[in-house]
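Overview (structure and organization)
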2 protein chains.
Amino acid sequence: MSDLGTTPASPFEVEPWVVRERGLHIDMLARTESVFALSNGHVGLRGNLDEGEPHGLPGTYLNSVYEKRPLPYAEAGYSYPESGQTVIDVTNGKIIRLLVDDEPFDVRYGALLQHDRTLDMRAGTLCREVRWRSPAERVVDVKTTRLVSLTHRSVAAICYEVTAVDAPTRVVLQSELVANEDLPSASGDPRVSAVLKAPLEPIEHDVAGMRIQLLHRTRNSGIGVAAAADHVVEVPDGVSLRTASEARPDWGRVTVSAVLQPGQTLRLVKFISYGWSALRSTPALRDQAPAGLTGAMLTGWNGLLADQRAYLDEFWDGADVQVEGDDELQQAVRFALFHVLQAGARAEERPIAAKGMTGPGYDGHCFWDTETFVLPVLVHTWPSAAADALRWRHGTLDAARRRAAQLGLPGATFPWRTINGEECSGYWPAGTAAFHINADIADAVIRYHDAVHDETFAKDCGLELLIETARLWRGLGHFDIFGRWRIDGVTGPDEYSAVADCNVYTSLMAQRNLRAAANAAMRLPDVAETLEVTEEEMAAWRKCADAVYLPYDEVLGVHEQSEGFTRHASWDFSGTAEKDYPLMLHHHYFDLYRRQVIKQADLVLAMQMRGDAFTPEQKARNFAYYEQFTVRDSSLSACTQAVLAAEVGCLDLAYAYVAEAAFMDLHDLEHNTRDGLHIASLAGAWSALVAGFGGMRDYEGVLVFAPRLPEGLTGLTFSIRHRGKRLKVTTDGNEVTYTLSDHGSSIDLIHHGERLTLESGVPVTVPVPPAPVAPIVQQPVGRAPRPRKAY
Amino acid sequence: MSDLGTTPASPFEVEPWVVRERGLHIDMLARTESVFALSNGHVGLRGNLDEGEPHGLPGTYLNSVYEKRPLPYAEAGYSYPESGQTVIDVTNGKIIRLLVDDEPFDVRYGALLQHDRTLDMRAGTLCREVRWRSPAERVVDVKTTRLVSLTHRSVAAICYEVTAVDAPTRVVLQSELVANEDLPSASGDPRVSAVLKAPLEPIEHDVAGMRIQLLHRTRNSGIGVAAAADHVVEVPDGVSLRTASEARPDWGRVTVSAVLQPGQTLRLVKFISYGWSALRSTPALRDQAPAGLTGAMLTGWNGLLADQRAYLDEFWDGADVQVEGDDELQQAVRFALFHVLQAGARAEERPIAAKGMTGPGYDGHCFWDTETFVLPVLVHTWPSAAADALRWRHGTLDAARRRAAQLGLPGATFPWRTINGEECSGYWPAGTAAFHINADIADAVIRYHDAVHDETFAKDCGLELLIETARLWRGLGHFDIFGRWRIDGVTGPDEYSAVADCNVYTSLMAQRNLRAAANAAMRLPDVAETLEVTEEEMAAWRKCADAVYLPYDEVLGVHEQSEGFTRHASWDFSGTAEKDYPLMLHHHYFDLYRRQVIKQADLVLAMQMRGDAFTPEQKARNFAYYEQFTVRDSSLSACTQAVLAAEVGCLDLAYAYVAEAAFMDLHDLEHNTRDGLHIASLAGAWSALVAGFGGMRDYEGVLVFAPRLPEGLTGLTFSIRHRGKRLKVTTDGNEVTYTLSDHGSSIDLIHHGERLTLESGVPVTVPVPPAPVAPIVQQPVGRAPRPRKAY
């Protein structure tokens, strides 16, 4: 976000259900590879060109396949993590090379007469249509369609069609598996680069007919990876076909060749399947990938396409957001939802990483982004994926308990960043000290429970997550001489402050965590007993929660982000040039930490997540106060500011923030979409609309709405899932219609402070009250968001 | 200090002027090598056995000869230092091997019939007397005397005498220079070990007669190092002598052999000289070391001995401390003064490192230890060395200005740890954030000025140091809405808190710095003008100083170490086992930072350095409050606690702390004397006696005394230098005699609050008033200092 003003416009066309690039922007390849990435949460393929090059960054990812690497310290400290984890680019199954009369198809040579790529968010496919004239003046049409199956978890497939256009043409297709691709260096540290240069050790390779298979194992983390591909070829009658297959330790290749007359098409369908495990044997792995292939080939290409569409139809039916009056935002919010679904759909007890499976950014790590930004969306749109993500957290509880013990704390301490559940953060003031992640996980458990009432989950996972995090909080906080319960020395969401006392966000989230643990333990006494929860413990949790200390500046009339924050000097915004953002790349942490300057919403996020703890007047004053220091050097800020701006009545400002969150990747606002999409910001685009302009909150299981539209938006409709029902909310800014679509059910909700009971099939229309008088707010010099119309 | 209770007793005999080890404690070799180290601040030799092995840690150091090494980070940040500096073991000139009838003299073989080593603090020599029976039953006497010359800066010398005892004996002496000795690995980081394994690249080697010379250059830091040795041999008439000399790139050897009859002695005097430079050419270096040799050989062995004693006589005459009633403390304080002198005597614009030149601990780095603990001693005992150390700081001003600019600050920011003036700290919360080092340097400038009135120094160095640090403070602090001047986000001396607001020590030292800069600029307006100091700037400094904010807890009636400190939870001392100290090796920083637990005196140090800013009542209450949290996991604490304990009337407690500071290395209290001596703690032993029981303070140039003795000490006498005069203070606890020894001068001083004028040659005796009622103080469980009598 360092120079919003100069960001080039989006290379994509605006359509409601697809993202299309017309022509090929070679200079934006890495960026478009992220935007066009396909994933089901289990297998992820960057949108690399079929022929492999040119590329920005080749990428094929398997959720939780990572390599270990050393974490070095200039000065080590007790319990610093020594080993890091980095997602690796696994065996690439995407590559299909084409030779046209012996001339390799390469967009950098010859002439591209047409080049369109289209991400279809209802079909779940990436299509490419090319007309190419080879340097030898032969013209061919190439049409490829790629999918990562949402119904066949281990499977991806590509349909590749090449058609001769102007003359008889000899075409050769080479469909490949390639392990240990060359990648741009990921780190300035030569040891790290060395470790990650060729992370896969070959174990075996195999060929059978048009099926090829490679087995590897990661060098240090010991994860076995099997990749297999099989093929179906079609040519018109009378065209003769030659095929050949080969494999070597690091590559496999199936070659298909034919001579096509003008108008004739060679069609190759490639099925790819992956299997991997840190535990299973080589023979087991050897069998796993072909098994996936067999299932996919039985379903067939058309079957995979149909299943994909059916899965997505079901998703959109309970999740779509319709925006009237802003076509680009309409496209962007669907793009956002599509990628959020792709990140989590089939993760199934694996983490949802900050970049999903769209790129190697942040080493492929999972952060609090998941629970705080992504799961609130999934809870209301595809709840099973939310449950799966929390089951993954639950599966890492032993590691979190070990970490807590290492730190001298009770309960569990979840890692700030991780793939396998072990802490990978190499800078503790913005890692270990950010204990709020534990309350964020608890918050996601509470939200999931309130929205789904999944008792099996509560008994198997939810209660234990709440209890172990509550135990942590009790150990972290203490009662001072005034009887106030303080949490000292922790880092809140704003990473431009660290290791501060009584961070309001952390304290309020801990309070919610403690109370929810006590309530859930009361509700499930048998499970609580097996977890050794006593009456005394529950009472202690409530006592801490009741006495939590929230620092408040009486002089300024605002909450302090952390104790003493409002006494700090302001950052010198007028003396800071645009090129000096993001500040952490141009200023030392010490300078950031001692001043009033905010990287990302912190107190403002507290007002979204714990809106029940603030009066409307406090919200307005606090929002206005913190807005003047918030520079949004994190992509996890605009969506939260949108929600609170909308709540306090700053609707145009909210609209600007909605756009920033929603266009983060389509406009590459932070200039790093190349490393992968900002999944949490995309999820935040949904929240910004639904919680911002829809005013939705889900405190204590009662749905609250307060729709209100900014100038420029003429309508907003969103559907959510809630306790097995589908609820649709439609507003034109003047009135709102609530519709419950499932037969024979009813729901209570709150509309702008008034309770409504909604019966299924009986839409209720109610007026929107006038907006509150908005406070006067101002951002730091040069850091105001771009107005919506300025994109 | 982790298990004070189990520390073995000192292996040294108690004598007033020497430290003698009778017998050889092989298991304590590394420790005794540090204790017996000789240095002049320019060249340092660990007390390794002449024959090179067995050894604990071989060590030959040249001040400021270091190698660069990478400083790696798991997560890097803006302006983190990337290159570290590590002192290296240079060409070893100490080795003289002896063969007795072809049997190598090695204390691990044969039988040691006698083995005494004696550090003589008046002679400035290390003597060794050995009677050894070889495995072949041949008995020899070996007597060696070693010195590092205080008068010939680049020179060390060894007189080695071997005498046949019981039979005709063929003896061979091999006198060597050895570069790139094998050392125990210094770091867990393999890259660091690699860099330091053989840091010296050979350039040339030379032999001429009995002179050998090796030239090397450090691989990365590019420092040329020349080492040369020449020899004088004596045998009784009639004994025939064979000699040979050789040199190779990494070693040189002079061999001398003779057959001795019983009672006959072979005497070899080895003169060693070093030259080094990062700038000078190979030919210049080649000439430098022999030039030093020539001078030394002209002076001759006896001349070197005589010069050494004369230098030390002069030193002791104005520096000695006499303790009556405690012989071991008497020895320890002289040991302390001797090593403090050795660390700084001839450093001459090179740093005084935390370990002096006695071992590789802390990478050979210089910290605030120098200005805060060492220079206050040198200022009053050997002022020229204090000036030299500050001249070195002044010489690094450009680096400090660059660092300040990097950090966005005006003026200069001196490094937390360094050899060459560049920051080497790899953990910024306890490095960069410890800005107090800048005020500590200013404080040493002020002290030196008050004690010496050296106008040349003030004009050349002192004023600029004061001004550039004052500029820094003005940039670091800010005025809050109440008009209070705050310094936020800094780390004080106590490293169990970090990055806190309004640290009282830092704030008071900054206040002194700002005022002194303004005063000095007024006093030297011409110089100030060349440094671009304006009236406005001086006024601004005074305004900051006048408004400095010192947090005070009205409920508890104590100053807060930093704002909010007294609201933190107490460390769970009763739940902490003795083996869990030092805490930072067993607990995460986050846990230490958020609690009331103090590694080393911080607010208490403020009360020593800025005693003028506290009332006697505040001192007593603050001392008692902070005493209960102070665990002394740093060796830089006991001495300060001694001073304040004495001031508030806790004389027995003060005595215990004096002993802890003074016996730090002779008793190896922290189990790491092997890595080098704790020079600052040794300096602190002097301060603990002189500022503690002597009550000496030197605010604003007026000397203040308040002598008072604990039970067990029957007398204390100390001499100090002050503005070219020598002042002697003698007390028996009941009365005090002040004597000014220089002819025709007078001095004003304050005795227990009353002003006295002292004329030279006219001793004044005054009574000691009764002690104040001491507060009740208690240390954390298990952390009370060992009572003096328990050693």
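Residues numbered from 1 in each chain as written. Chains lettered and ligands numbered in written order. Predicted model: local features only at pLDDT ≥ 70, side-chain atom pairs only at ≥ 80, totals over all residues. Heavy atoms only, no water.

**Considerations on the overall build of chain A**
Our working rule: Strands are runs of DSSP state E lasting at least 2 residues, helices are runs of H or I lasting at least 4, and numbering of each runs from the N terminus. For this measure, only C-alpha atoms enter the radius of gyration; the expected value for a globule follows 2.2 Å times N^0.38, where N is the number of residues. Only heavy atoms matter for contacts: two residues are in contact if any of them lie within 4.5 Å across the pair. In this description, accessible areas are obtained by the Shrake-Rupley approach with a 1.4 Å probe, and a residue is regarded as covered only by the protein chains that are shown.
The helix and strand inventory of chain A stands at 18 helices and 34 strands. Taken over C-alpha atoms, the radius of gyration comes to 27 Å for chain A, in line with the 28 Å a tight globule of 791 residues would show. Dimensions along the principal axes, computed over C-alpha positions, put chain A at roughly 90 × 60 × 55 Å. Put simply, 69% of the contacts in chain A that link residues at least 6 apart link residues at least 24 apart. Approximately 25,800 Å² of chain A is accessible, and the part contributed by carbon and sulfur atoms is 49%.

**Section: the packing of helix H5 (residues 369-381) of chain A against helix H8 (residues 436-452) of chain A**
Residues and elements named next belong to chain A. As a reminder of what qualifies: Here an angle of 0 to 180 degrees is reported between the N-to-C directions of two axes, which are lines fitted to C-alpha atoms, with helices fitted over the stretch in contact. Each angle gets one of four labels, with under 35 degrees taken as roughly parallel, over 145 as roughly antiparallel, 65 to 115 as roughly perpendicular, and the rest as oblique. In this count, Pro and Cys sit with the nonpolar residues alongside Ala, Val, Leu, Ile, Met, Phe, Trp and Tyr, while Asp, Glu, Lys and Arg are called charged and the others, Gly among them, polar.
Where H5 contacts H8, the two axes come as close as 10 Å, and the packing angle between them is 10 degrees. One finds that H5 runs roughly parallel with respect to H8. In contact with Glu371, Thr372, Leu375, Pro376, Val379 and His380 of H5, H8 contributes Asp440, Ile441, Ala444, Arg447, Tyr448, Ala451 and Val452. Classifying every residue of the contact of H5 with H8 by side-chain character gives 8 nonpolar, 2 polar and 3 charged.

**Re the packing of H5(A) against helix H6 (residues 383-395) of chain A**
Residues and elements named next belong to chain A. At a closest axis distance of 6 Å, the pairing of H5 and H6 adopts a crossing angle of 140 degrees. When the axis of H5 is compared with that of H6, the two are oblique. Residues Glu371, Leu375, Leu378, Val379 and Thr381 of H5 pack against Pro383, Ala385, Ala386, Ala389, Leu390 and Arg393 of H6. Residues of the contact of H5 with H6, tallied by class, amount to 8 nonpolar, 1 polar and 2 charged.

**Concerning the interface of chain B and chain A**
Stated formally: Buried area is a sum: the accessible area each of two parts loses on coming together, probed at 1.4 Å, counted once for each and added. Criterion for a salt bridge: a side-chain nitrogen of Lys or Arg within 4 Å of a carboxyl oxygen of Asp or Glu.
Taken together, the contact between chain B and chain A spans 50 residues of the former and 49 residues of the latter. Note on chain B versus chain A: buried area summed over both sides is about 4,100 Å², and carbon and sulfur give 61% of it. Considering only the side of chain B, the residues that lose the most area to chain A are Arg567(B), His588(B) and Phe590(B), jointly responsible for 17% of the buried surface there. On the surface where chain B and chain A come into contact, there are 2 salt bridges. For the side of chain B that touches chain A, the secondary structure elements donating two or more residues are helix H2 (190-197), helix H9 (455-476) and helix H13 (589-593) of chain B. Here the residues of the side of chain B that touches chain A are counted per class, giving 25 nonpolar, 12 polar and 13 charged.

**Notes on the environment of Ala258(A)**
Residue and element names in this part refer to chain A. Selection criterion: When a residue's accessible area, from a 1.4 Å probe over protein chains only, is under 20% of the maximum for its type it is buried; when over 50% it is exposed; and in between it is partly exposed.
Topologically, alanine 258 is positioned in strand S19 (residues 251-260). According to the relative accessible area criterion, alanine 258 is buried, its value standing at 4%. Considered as a pair, alanine 258 and arginine 170 are 88 residues apart in the sequence and their alpha carbons are 5.8 Å apart. Each residue touching alanine 258, except ones within four places of it in the same chain, is listed here: Thr169, Arg170, Val171, Val235, Val239, Ser240 and Leu241.

**Some remarks on unusual backbone geometry**
With an omega of -5 degrees, the peptide bond running from Tyr581(A) to Pro582(A) counts as cis. Here Pro582(A) is to be found in the loop between strand S26 (569-570) and helix H13 (589-593). Its identity is not glycine, yet Asn180(B) carries a phi of approximately 55 degrees, on the positive side. Take Asn180(B): it is sitting in the loop between strand S14 (169-178) and H2.

**Thoughts on a nonpolar patch on the surface**
Going by this rule: Only residues whose relative accessible area exceeds 30% and that form no salt bridge are eligible for patches; like-charged ones are grouped when within 9 Å, while nonpolar side chains (Val, Leu, Ile, Met, Phe, Trp, Tyr) are grouped when within 5 Å.
Nonpolar side chains collect at one region of the surface, where Ile481(A), Phe482(A), Val555(B) and Leu556(B) lie side by side and expose about 370 Å² of accessible area between them. With respect to the helices, strands and loops of the structure, Ile481(A) is situated in the loop between strand S22 (478-479) and strand S23 (485-486).

**Some thoughts on the packing of aromatic side chains**
Where we set the bar: Pairing of aromatic rings covers Phe, Tyr and Trp, the last counted by its six-membered ring, and requires centre-to-centre distances within 6.5 Å; plane angles under 30 degrees mean stacked, over 60 mean edge-to-face, and any other angle means tilted. We count a charge as sitting over a ring when the NZ of a lysine or the CZ of an arginine lies within 6 Å of the ring centre and within 35 degrees of the ring normal.
Tallied over the full model, the rule gives 50 aromatic pairs over all chains. Aromatic side chains Phe12(B) and Phe36(B) sit 5.7 Å apart centroid to centroid with 80 degrees between the ring planes, which places their arrangement in the edge-to-face category. Within this pair, whereas Phe12(B) is found in strand S1 (residues 12-14), its partner Phe36(B) is found in the loop between helix H1 (29-35) and strand S3 (38-39), the two being separated by 24 residues in sequence. Here the two residues Phe12(B) and Phe36(B) agree in accessibility, since each one is buried. Relative to Tyr738(B), the ring of Phe705(B) lies with its centre 5.5 Å away and its plane at 50 degrees, an arrangement referred to as tilted. With Phe705(B) in strand S28 (residues 703-705) and Tyr738(B) in strand S31 (residues 735-740), this residue pair connects regions lying 33 residues apart in the sequence. An identical accessibility class is assigned to Phe705(B) and Tyr738(B); each is buried. One cation-aromatic arrangement involves Lys543(A) over Phe479(A); the distance from NZ or CZ to the ring centre is 4.6 Å. Directly above the aromatic system of Tyr791(A) lies the positively charged group of Arg786(A), at a separation of 4.3 Å from the ring centroid.

**Focus: the sheet that holds S14(B)**
Residues and elements named next belong to chain B. Here is the rule we go by: Note on pairing: two strands pair once DSSP finds at least 2 bridges between them.
Pairing in this open sheet of 5 strands is antiparallel, and the strands run S9-S8-S14-S19-S18 from one edge to the other. Looking at the sheet topology across the chains shown, the edges are occupied by strand S9 (103-104) and strand S18 (241-248). The sheet contact formed by strand S8 (residues 96-100) and S14 spans 5 bridges and is antiparallel. Counted as the bridge partner of leucine 99 is valine 172 from S14.

**What about the sheet that holds strand S30 (residues 725-731) of chain A?**
Residues and elements named next belong to chain A. A sheet is described by the order of its strands in space; here 5 strands give the open sequence S21-S29-S30-S31-S34, paired in antiparallel fashion. The open sheet terminates on both sides in strands that have one partner only, identified here as strand S21 (321-324) and strand S34 (764-767). Across the sheet, the mean angle from the axis of one strand to that of its neighbour is 15 degrees, orientation sign disregarded.

**Looking at the relation of the copies chain B and chain A**
Here is the rule: We place the copies in one frame by least squares, fitting the C-alpha atoms of every residue whose pLDDT is at least 70 in both.
Each copy of the sequence occupies a distinct position, and chain B is placed on chain A by a rotation of 180 degrees and an axial shift of 0.0 Å, giving an RMSD of 0.1 Å. A rotation of that kind, with that shift, is consistent with a two-fold axis. No C-alpha of chain B approaches the rotation axis more nearly than that of Tyr73(B), which lies at 2.3 Å.

**A short note on the environment of Leu651(B)**
Residues and elements named next belong to chain B. Looking at the secondary structure, you find leucine 651 in helix H17 (residues 651-663). On the basis of relative accessibility, which here comes to 13%, the residue leucine 651 falls in the buried class. Measuring from C-alpha to C-alpha, the distance between leucine 651 and leucine 550 comes to 28 Å, with 101 residues separating the pair along the chain. Beyond its immediate sequence surroundings of up to four residues, leucine 651 is in contact with Ala645, Ala646, Phe693, Arg708, Leu709 and Pro710.

**Concerning the pattern of salt bridges**
Residues and elements named next belong to chain A. Throughout the structure, instances matching the rule amount to 116 salt bridges over all chains. The partner of arginine 153 in a salt bridge is glutamate 348, with the nearest N and O atoms 3.1 Å apart. Placement of arginine 153 in the loop between strand S12 (139-148) and strand S13 (155-164) and of glutamate 348 in the loop between helix H4 (327-344) and H5 is noted, with a sequence separation of 195 residues between them. The class for glutamate 348 is partly exposed, based on a relative accessible area of 25%. Between glutamate 660 and arginine 632 there is a salt bridge, with the nearest N and O atoms lying 2.8 Å from each other. Here glutamate 660 is found in helix H17 (residues 651-663), whereas its partner arginine 632 is found in the loop between helix H15 (616-627) and helix H16 (638-648), with 28 residues between them in sequence. A relative accessible area of 1% means that arginine 632 is categorised as buried.

**Describing the side chain of Gln264(B)**
Residue and element names in this part refer to chain B. For glutamine 264, the location among the structural elements is in the loop between strand S19 (251-260) and strand S20 (265-277). In this structure glutamine 264 comes out as buried when scored by relative accessible area, which is 17%. Excluding its chain neighbours within four sequence positions, the residues that come into contact with glutamine 264 are Val162, Thr163, Ala164, Pro236, Val239 and Val259.

**Let's talk about helix H5 (residues 369-381) of chain B**
Residues and elements named next belong to chain B. This is how it is decided: Take the number of residues in a helix, subtract one, and multiply by 1.5 Å to get its expected span. What is called the bend at a residue is the angle between a pair of axes, fitted to the seven residues leading up to and ending at it and to the seven starting from it.
With 13 residues, H5 should cover 18 Å at 1.5 Å per step; its first-to-last C-alpha distance of 17 Å lies within 8% of that length. At leucine 375, H5 shows its largest bend, some 50 degrees, and a proline, proline 376, comes one to four positions later. Most of H5 is tucked away: 13 of the 13 residues are buried.

**Some remarks on the side chain of Asp668(B)**
All names here are of chain B. Rule in force here: Counted as positive: Lys and Arg. Counted as negative: Asp and Glu. His and the chain ends are not counted at all. Here a polar contact means two N or O atoms within 3.5 Å. Within protein one must be a hydrogen donor candidate and the other an acceptor candidate, and residues neighboring in sequence count only if both atoms are side-chain atoms.
Relative to the elements of secondary structure, aspartate 668 occurs in the loop between H17 and helix H18 (679-693). No salt bridge is formed by the buried aspartate 668. Its closest oppositely charged neighbour is arginine 31, at 4.0 Å. Within the structure, aspartate 668 has its side chain in polar contact with the backbone nitrogen of asparagine 672 (distance 3.1 Å). Of the polar contacts made by the side chain of aspartate 668, one reaches the side chain of threonine 673; its length is 2.9 Å.

The values are spatial; any link to function lies outside them.
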